[in-house]
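Descriptive structure summary
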Amino acid sequence: MTAKLTVSVLGTGIMGAAMARSLARAGHTVRAWNRSRAKAEPLAADGAIVVDSPAEAVRDADVVLTMLHDSAAVVDVMRQAAPALRRGTAWVQSTTVGIDDITALGAFAGELGLVLFDAPVSGTRSPAEAGQLLILAAGPVEHRRSVAPVLDAVGVRTVWTGQDGAAGTSTRLKLVVNSWVIAASVAAGEIVSLAHAIGVDPRSFFDLIEGGGLDMPLLRAKAGLILNGDVAPAQFAVNTAAKDARLIVEAGARHGVRLDLAAASAERLDRAAARGHAQEDLAAAYYAGLGGQQAA
């Protein structure tokens, strides 16, 4: 029988809210907190206990799960939670952060006496809502049983990349994954833009590549959102993708690699956000390339 745990979920945006629902559905006691309480309130209908502060969320928790915007938010929220944290508590850190950030978070976990699991996830809103995320995890073997019920509730598969969460093996792999997702998604918007600009029906392109080596589900999915004007609600938001793209560029630069495509994607996503698309799906990077024209 799977152990029923008390799990603190700090951050209930697109992914955090879906993960909280999966945990509640699996029978765990979920204490959910979000900076804007209104975003967390709907979770009460799914059985979660919505609380007013990070400290209240983590009190008596077996596992603390963070799914926030960036490393600065993680540190801020965990500092607020610190007075109520028990030493030895497992910390599943699922926010996508940079390589240096996860090292710093490892040192922070040591200060707090927490067992850190570097555990970013691969997947968007739909698989998250279904508890079908792919989890990239690193953490000590002797403590994995304590977090297994949590990982099993939110994911379809856990890929263990190492035994030291602070080494960032999972974060590094997540940055590689997101590099591909962002590049392909931005390219999907450019394909549609180019087709419209030169008088080609974008659907004729997809008819042409169907079933061949150039075809891929992600390309069709993102182009479909654009063509159907269906970029909200987001599966993976523009502002989050822009943050991740910058982390990817920084990681490459730190290791002597110039990532021009990631840099261009970050700039395009920032432009889309500035035009009012920050909370829409990253497919909305399409709008950063438009003048007066609109999707047809």
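Residues numbered from 1 in each chain as written. Predicted model: local features only at pLDDT ≥ 70, side-chain atom pairs only at ≥ 80, totals over all residues. Heavy atoms only, no water.

**What about the overall build of the chain?**
- For the chain, the count of helices and strands is 12 helices and 9 strands.
- Over its C-alpha trace the chain gives a radius of gyration of 20 Å, about what one expects of a compact globule, namely 19 Å for 296 residues.
- Going through the 296 residues of the chain one by one, you find that 51% of them count as buried.
- By sequence separation, contacts in the chain at least 24 residues apart represent 66% of the contacts at least 6 residues apart.
- As presented, the chain carries roughly 13000 Å² of accessible surface, and 55% of it is formed by carbon and sulfur atoms. (Helix = DSSP H or I, 4+ residues; strand = E, 2+ residues; numbered from the N terminus. Rg over C-alpha atoms; globule rule 2.2 N^0.38 Å. Buried < 20%, exposed > 50% of the residue type's maximum accessible area, 1.4 Å probe, protein only. Contact = heavy atoms within 4.5 Å. Areas by Shrake-Rupley, 256 points an atom, 1.4 Å probe, with all protein chains shown as cover.)

**Brief notes about the packing of helix α9 (residues 202–209) against helix α10 (residues 217–227)**
- It is the contact of α9 with α10, at a shortest axis distance of 11 Å, that shows an interaxial angle of 160 degrees. One finds that α9 runs roughly antiparallel with respect to α10. Two packed elements cross with a definite hand, and for α9 against α10 that hand is left-handed. The residues of α10 that touch α9, namely those facing Pro-202, Arg-203, Phe-205, Phe-206 and Ile-209, are Leu-219, Arg-220, Ala-223 and Leu-227.
- The residue inventory of the contact of α9 with α10, partitioned by class, reads 7 nonpolar, no polar and 2 charged. (Axes fitted to C-alpha atoms, helices over the stretch in contact; angles between N-to-C directions. Parallel < 35°, antiparallel > 145°, perpendicular 65-115°, else oblique. Left-handed = near helix turned anticlockwise from the far one by under 90°. Nonpolar A, V, L, I, M, F, W, Y, C, P; charged D, E, K, R; others polar.)

**Focus: the pairing of strand β4 (residues 63–66)**
- Of the two faces of β4, the one holding Val-63 and Leu-65 and the one holding Val-64 and Thr-66 are both buried throughout.
- Where strand β1 (residues 6–10) lies against β4, 4 bridges are found, and the strand directions are parallel. Of the residues in β4, the one forming a bridge with Leu-10 is Thr-66.
- Relative to strand β5 (residues 90–93), β4 is paired through 4 bridges, and the arrangement is parallel. Within β5, the residue paired with Val-64 across the bridge is Trp-91.
- Considered for its hand, the β-α-β crossover made up of β4, helix α4 (residues 71–81) and β5 is right-handed. (Pairing = 2+ DSSP bridges. Right-handed = clockwise from strand over helix to strand, strands pointing away.)

**Topic: the pairing of β5**
- Along β5, one buried face is formed by Ala-90 and Val-92 and the opposite face, lined by Trp-91 and Gln-93, is buried too.
- Following the chain from β5 across helix α5 (residues 99–112) to the adjacent parallel strand β6 (residues 115–118), one finds a crossover that is right-handed.

**A short note on the confidence of the model for the chain**
- With 98% of its residues at a pLDDT of 70 or more, the chain shows a mean pLDDT of 96.
- Predicted confidence is poor over residues 292–296, with pLDDT under 50, and the contacts of this stretch with residues over four places away or in other chains come to 11 contacts. (pLDDT = per-residue confidence, 0-100.)

**Digging into the packing of aromatic side chains**
- If you walk through the whole model with that rule in mind, you get 4 aromatic pairs.
- Note on Phe-117 and Trp-160: the rings are 6.1 Å apart at their centroids and 65 degrees apart in plane angle, and the pair reads as edge-to-face. One end of the pair, Phe-117, is in strand β6; the other, Trp-160, is in strand β9 (residues 155–162), with 43 residues separating them in the sequence.
- Residue classification places Phe-117 among the buried residues on the basis of a relative accessible area of 1%.
- What makes Trp-160 partly exposed here is its relative accessible area of 31%.
- Between Phe-205 and Phe-206, the aromatic rings sit 5.1 Å apart at their centres with planes inclined by 70 degrees, giving edge-to-face as the arrangement. (Phe/Tyr/Trp six-rings, centres within 6.5 Å; stacked < 30°, edge-to-face > 60°.)

**Structural notes on the pattern of salt bridges**
- Scanning all chains against the criterion turns up 15 salt bridges.
- A salt bridge links Arg-258 to Asp-260, with the shortest nitrogen-to-oxygen separation between them at 2.6 Å.
- Salt bridges sharing common partners tie together Arg-21, Asp-46 and Glu-129. (Salt bridge = Lys/Arg side-chain N within 4 Å of Asp/Glu carboxyl O.)

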